[in-house]
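Single-letter residue listing:
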Amino acid sequence: MSAAMSIEGGVLDEYRDRLGAGAVDEVVTDTGLRSDQATLGAAINAMGMAGLQAARAEARAFASDEGITYGTERSGSRHWAVDPIPVVIGAGEWQHLEAGLRQRANLLDLVLSDVYGERTLLRRRVVPPEVILAHDGYIRQTDNIGAPGRRQLVVAATDLGRATDGHWTVISDRTQAPSGPGYAMATRRIISRVMAGLHRSTPLARLRGFFQTFTAALQDASPSATEPPRVVLLTPGPGSETAFEQSYLATLLGFPLVEADDLVMHQGKAWLRAGDRLEQVDVILRRVDAAYSDPLELRGDSQLGLPGLIEAARERTVAVVNPVGAGVLENPGLITHLNAAARALLGEDLLLPMPATWWCGDDASRSHVLANLSRLVIKPISRHTGSLRYGWQLTADERDDLASAITAQPWAWCGQEPMQLSTAPVVSRGGLEPRRFVLRTFGVARDDDYHFLPGGLGRVAATMDEYTVSNYTGAMAKDVWVIGSEAEQPSVARNRRLGLPPIARANGLPPRVADNLYWMGRYAERAEGTARLLKVVDDFAEDNSSLRGTPGSRATDVLLDAVAWVTVTGAIRVGESSLSYLRRAVLDAARSGTVRHCAIQVTNAAQHVRDLLSVDTWSVIGRLQQTLAETPDDDDQLQPLLADVLESLLALAGIMAQSMVRDESWAFLDAGCRMERAQMTLALLCRTVTAARGRAVDELVVEGVLRAGESIITHRRRAAAGTGPTMALESAVDLLLLDRVNPRSVIYQAESLAADLSLLGDEASAALALRLAGELGAVDIEQLLHPERLAVQLAALEIEFRRLSDTLTARHFVRQAPRRAQASGWGNPWQVTDDQ
């Protein structure tokens, strides 16, 4: 490693002093910078610690704004942590690494084909059968199925570290359902903005071509002759640790993100529930673990998989990528035998080294491992056996227990020489810190070759002292830059199969997706309408709380009482101040109908349809949640908080309106908004203007209603110009109920609903909405100025809109019945039935 430039006097000089003796770093050496690091080193020194820490804060803000997360609520979800300093790999070094990765992917593909096919490697004991057959990733139900394409292993991921000799060394393979390419692109987006100048001036291999190749590779995996093939990404859902990455990857690839509820098996084929139609699925990119992928043949208690999927793969009606059972290649016990397999299958040794590994099923190897427990890394070959152990971290009793476990089941364990991983500089509060670095690379099979994402996803340990580099332990992401030249990754174009005319695909949405879009629209509108109402009521309370018995005070009481009914909180005010009551209506997350509860429901619904939403959506939702999480002091006014809430909700509405194509996705979202606005407006009118309380009180109440309905300015201008009613009640009924050009009126919502439902092809429901609009248009406003008649009309309309919502639910949002496992009564097999 040659030094390209001196680092004396800069922050990298201080960083080098923190490196231990003999440490290998991705940027610096004992004498200066590593080759290919001159530009990066100059940029780091030029920024200084103040600039680097500002970049760190900016990267954190971008990750938060875009809603990039890892983890679950149970394990602790957190925003994706990104260090601003990229890791740079030179073009020559990448070419050498890519050649080794390509060879390894080819080998793993051949091994996968063999262990589920002829099993020549096992019969000849090139790989001991126990290594494969005792691994929990070996799925016997998929024996001899084989994927329809030339390659069985379509997606290959490999974790690597740089050893003390400076060479990249394989740590492990990820083949079951590899995660990370979406995170790699998300990390690149952040760093390209945080380090914009450096990013523009560095000749980098770009990432976009890889995802285009990925798309083509999945389409090529189709077993059917349809064009274009229907490909879906099967996700466990928003509760998955990598839910963000799955939805973002679906967006990058251009395929729909589906859950088990979106798919059905019919006549031996997999189908997507597209509205009231079924569309055959040709390829499933699987992000559900193998054991959960088919509850008919594997775990009967799984709600995440598709019953009959394995049989469909066996019959070649659908391709599963990666195949169910590919996880057997993640077996650390294979490492001992891969070089022998490479010689048997490829006729050559592996280019990329691996740590010395001893499989304990071999007597001599087991003796070596037991004699060196205190200094080796001990790994179970299967996850169900236990977790990885560092021998030097165990007590004497723990080592004895481990030795007993190995002796009892030797085939289930292996020992590995610990790797002294290279470090990379990480920006911390105390300066640059060296932390262990791991690189995950990604490749996809296309035609006769594997194509790799330039660089991949870099990760560094959570602390200087942490040996394990894992997302579970809080690892941070690093953008990995590959210098251009030959490493540039052009996309591999896909040509349509000759003689096959393209099939026009329907645009229907699965009921789960439609349901979440509809309720995202409803909850967003409910949050906005509630915030507007509370803002008006709080203003009334501020002005009149000390003036008991006045018209203003009585009007305030009317509006306060309406809050519980309009916002469906059910929180009746009993013996508490108006401010305390209104504060609960804003901030109580546990009570349905509050602003915060609605915001949480918006977020939950949005997470189910993330792949359909603009990236900008998440910065707005994040700001909304942060605003509501920062609970104001008891004596703080609510007006500033509600203003901030409304600002976020209006931004969200603007993003939806200006970024969504007017297709079925938009129609369901907008229909939810229209339905909620109509029902809230009717409820507000019904609880405020249908009783006579005296002219002074009634005029103040109506003014509050018009303000909450964003129509007070129009009322005043029309009254002053003589183009509208001068009486407040008549104006409120006209503007909020009957005005066809007021986007806040009920008739406007009915007509907009009809347009949305027509866009969905639901002409029957559209006719119902138009009938409601027609009935409203025929109303004589003079008849509605009597409180009793108005109350009857409003109550009838509330019922009709609820019936219409129920109709939409029955026609568009019906989910599949939950599956449950039942013992058959014959021994201990399981079968899956539907709950009726």
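Source: prediction; values computed, not measured.

A. Region of interest: the overall build of the protein. In terms of helices and strands, the protein carries 26 helices and 23 strands. Relative to the 2.2 N^0.38 estimate, which gives 28 Å for 836 residues, the radius of gyration of the protein is 32 Å and therefore close to what a compact globule would have. With respect to the principal axes defined by its C-alpha atoms, the protein has extents near 95 × 70 × 60 Å. In the protein, of all internal contacts separated by at least 6 residues, the share reaching a separation of at least 24 is 71%. Total accessible area computed for the protein in this model is approximately 33,600 Å², and 50% of it derives from carbon and sulfur atoms. Taken together, the 85 basic and 103 acidic charged side chains of the protein have centroids lying 2 Å from each other.

B. Seen up close, the sheet that holds strand S16 (residues 413–416). Read from one edge to the other, the open sheet built from 4 strands follows the order S13-S16-S14-S15, with strand pairing classed as antiparallel. Either end of the sheet is taken by a strand with one partner, and the two such strands are strand S13 (357–359) and strand S15 (389–390). Relative to S15, strand S14 (residues 377–380) runs antiparallel, the two sharing 2 bridges. From the neighbouring strand, Val377 faces S15, where its bridge partner is Tyr390.

C. Fine view of the pattern of salt bridges. In the structure shown here, the tally under the stated rule is 55 salt bridges. For the salt bridge of Arg744 with Glu525, the shortest nitrogen-to-oxygen distance reads 3.9 Å. You can see Arg744 sitting in the loop between helix H23 (728–738) and helix H24 (746–759) and its partner Glu525 sitting in helix H14 (residues 511–544), a full 219 residues away along the chain. With a relative accessible area of 5%, Glu525 lands in the buried category. Connected through salt bridges with shared partners, the residues Glu525, Glu528, Arg532, Arg677, Glu710 and Arg744 form a single ionic network.

D. Geometry of unusual backbone geometry. Cis geometry marks the peptide bond from Glu227 to Pro228; its omega dihedral reads -10°. Here Pro228 lies in the loop between helix H8 (208–220) and strand S6 (231–234). Residues Val321 and Asn322 are joined by a peptide bond in cis, for which omega reads -20°. Within the secondary structure, Asn322 sits in the loop between strand S12 (319–321) and helix H11 (335–345). Phi at Gln267 takes a positive value of approximately 55°, unusual for a residue other than glycine.

E. Main features of the nonpolar core. Membership of the largest hydrophobic core comes to 102 residues, with the highest contact counts inside it found for Met520, Val586, Leu737 and Phe801. Per element, the largest residue contribution to this core is 14 residues, and it comes from H14. Among all residues touching Phe801, those that are not within four sequence positions of it are Met675, Ala678, Gln679, Leu682, Val746, Ala750, Leu753 and Leu772. Membership of the second largest hydrophobic core comes to 70 residues, among which are Val87, Leu272, Ala326 and Leu329.

F. Structural view of the environment of Gly333. Mapped onto the fold, Gly333 is located in the loop between S12 and H11. For Gly333, a relative accessible area of 0% puts it in the buried group. Each C-alpha atom of the pair Gly333 and Ile381 lies 5.6 Å from the other, and the pair is 48 residues apart in sequence. If sequence neighbours within four positions are ignored, Gly333 has contacts with Val131, Ile381 and Cys414.

G. Representation of the confidence of the model for the protein. In this model, the protein carries a mean pLDDT of 90, and residues with pLDDT of at least 70 account for 92%. Below pLDDT 50 for its whole length, residues 823–836 participates in 26 contacts with residues either more than four positions away or in separate chains.

H. Geometry of the environment of Pro418. Mapped onto the elements of the fold, Pro418 is located in the loop between S16 and strand S17 (423–428). Considering only alpha carbons, one finds Pro418 and Arg522, 104 residues apart in sequence, at a separation of 55 Å. Excluding residues that lie within four positions of it along the chain, Pro418 makes contacts with Arg375, Leu376, Val377, Trp392 and Tyr467.

I. Representation of the side chain of Ser240. Counting through the fold element by element, Ser240 comes out in the loop between S6 and helix H9 (243–253). Setting aside anything within four residues of it in sequence, one finds Ser240 in contact with Gly71, Thr72 and Gln246.

J. Summary view of the pairing of strand S10 (residues 277–280). In terms of strand pairing, strand S9 (residues 269–274) meets S10 through 4 bridges, oriented antiparallel. Following the sheet pairing, Arg273 is matched in S10 by Leu278.

K. Looking closely at helix H6 (residues 181–194). For H6, built from 14 residues, the straight-helix expectation of 20 Å at 1.5 Å per residue is met to within 8% by its first-to-last C-alpha distance of 20 Å. Across the 14 residues of H6, 11 count as buried, placing the element largely inside the fold. Along H6, the positions that sit buried rather than exposed are Pro181, Gly182, Tyr183, Ala184, Met185, Ala186, Thr187, Arg188, Ile190, Ile191 and Val194.

L. Representation of the packing of aromatic side chains within the structure. Inspection of the entire model under this criterion finds 15 aromatic pairs. Grouping aromatic residues by their ring pairs yields a cluster made of Tyr518, Trp519, Tyr523, Phe668 and Phe813. Over the ring of Phe62 we find Arg193, and its NZ or CZ is 4.1 Å from the ring centre. Across the ring face of Trp666, the terminal group of Arg662 is positioned such that the distance to the ring centre comes to 3.7 Å.

M. Examining the sheet that holds S10 more closely. Spatial strand order, S8-S9-S10: 3 strands in an open sheet with antiparallel pairing. Taken across any chain shown, the strands that pair with only one partner, and hence form the sheet edges, are strand S8 (263–266) and S10. For this sheet, the mean inter-axis angle between neighbouring strands, taken without regard to orientation, is 45°.

N. Spotlight on the side chain of Gln176. Relative to the helices and strands, Gln176 resides in the loop between strand S5 (168–174) and H6. Excluding residues within four positions of it along the chain, Gln176 makes contact with Arg286, Asp289, Ala290, Asn322, Ala326, Gly327 and Glu330.

O. Summary view of the state of the cysteines. This structure, assessed with the given rule, holds 0 disulfides. You can see Cys598 has no disulfide; the closest cysteine sulfur is in Cys673, sitting 13 Å from it. Owing to a relative accessible area of 0%, Cys598 belongs among the buried residues under this scheme.

P. Local environment of helix H2 (residues 38–65). The terminal C-alpha atoms of H2 lie 32 Å apart, and with 28 residues this falls more than 12% below the ideal 40 Å at 1.5 Å per residue. Note on H2: the residue one or two positions beyond its end, Gly67, has a positive phi of about 65°.

Q. Highlighting the packing of helix H15 (residues 551–566) against helix H21 (residues 695–708). Remark: H15 packs on H21, axes separated minimally by 8 Å, with the N-to-C direction vectors making an angle of 50°. Here H15 lies oblique to H21, going by the angle between them. Between H15 and H21 lies a crossing of right-handed hand. Contact residues: H15 offers Pro551, Gly552, Arg554, Ala555, Val558 and Leu559, while H21 offers Ala696, Val697, Leu700, Val701 and Gly704. Of the residues in the contact of H15 with H21, the class split is 8 nonpolar, 2 polar and 1 charged.

R. Region of the structure containing the packing of H14 against helix H16 (residues 578–587). Where H14 contacts H16, the two axes come as close as 10 Å, and the packing angle between them is 170°. On the basis of their axis angle, the class for H14 and H16 is roughly antiparallel. Packed against H14, whose contacting residues are Leu534, Val537, Asp538 and Ala541, the element H16 presents Ser578, Leu579, Leu582, Ala585 and Val586 at the interface. A class-by-class count of the residues in the contact of H14 with H16 yields 7 nonpolar, 1 polar and 1 charged.

S. Molecular detail of the pairing of strand S4 (residues 155–162). Counting buried positions along S4 yields 8 of 8 residues, so the element is predominantly enclosed. Burial along S4 is two-sided: Val155, Ala157, Asp159 and Gly161 and Ala156, Thr158, Leu160 and Arg162, pointing in opposite directions, are all buried. Across 6 bridges, S4 lies against strand S18 (residues 431–446) in antiparallel orientation. Bridge pairing in S18 places Leu160 opposite Leu439. The sheet contact formed by S4 and S5 spans 6 bridges and is antiparallel. Bridge pairing links Gly161 to Thr169 in S5. The antiparallel hairpin formed by S4 and S5 contains 5 residues in its connecting segment, where Gly166 sits at a positive phi of about 90°.

Definitions and cut-offs
Residues numbered from 1 in each chain as written. Predicted model: local features only at pLDDT ≥ 70, side-chain atom pairs only at ≥ 80, totals over all residues. Heavy atoms only, no water. Helix = DSSP H or I, 4+ residues; strand = E, 2+ residues; numbered from the N terminus. Rg over C-alpha atoms; globule rule 2.2 N^0.38 Å. Contact = heavy atoms within 4.5 Å. Areas by Shrake-Rupley, 256 points an atom, 1.4 Å probe, with all protein chains shown as cover. Lys, Arg positive; Asp, Glu negative; His and termini not counted. Charge placed at Lys NZ, Arg CZ, Asp CG, Glu CD. Pairing = 2+ DSSP bridges. Salt bridge = Lys/Arg side-chain N within 4 Å of Asp/Glu carboxyl O. Buried < 20%, exposed > 50% of the residue type's maximum accessible area, 1.4 Å probe, protein only. Core = buried A, V, L, I, M, F, W, Y, C linked by side-chain atoms within 4.5 Å. pLDDT = per-residue confidence, 0-100. Expected span 1.5 Å × (residues − 1). Phe/Tyr/Trp six-rings, centres within 6.5 Å; stacked < 30°, edge-to-face > 60°. Lys NZ or Arg CZ within 6 Å of the ring centre and 35° of its normal. Axes fitted to C-alpha atoms, helices over the stretch in contact; angles between N-to-C directions. Disulfide = S-S within 2.5 Å. Parallel < 35°, antiparallel > 145°, perpendicular 65-115°, else oblique. Left-handed = near helix turned anticlockwise from the far one by under 90°. Nonpolar A, V, L, I, M, F, W, Y, C, P; charged D, E, K, R; others polar.

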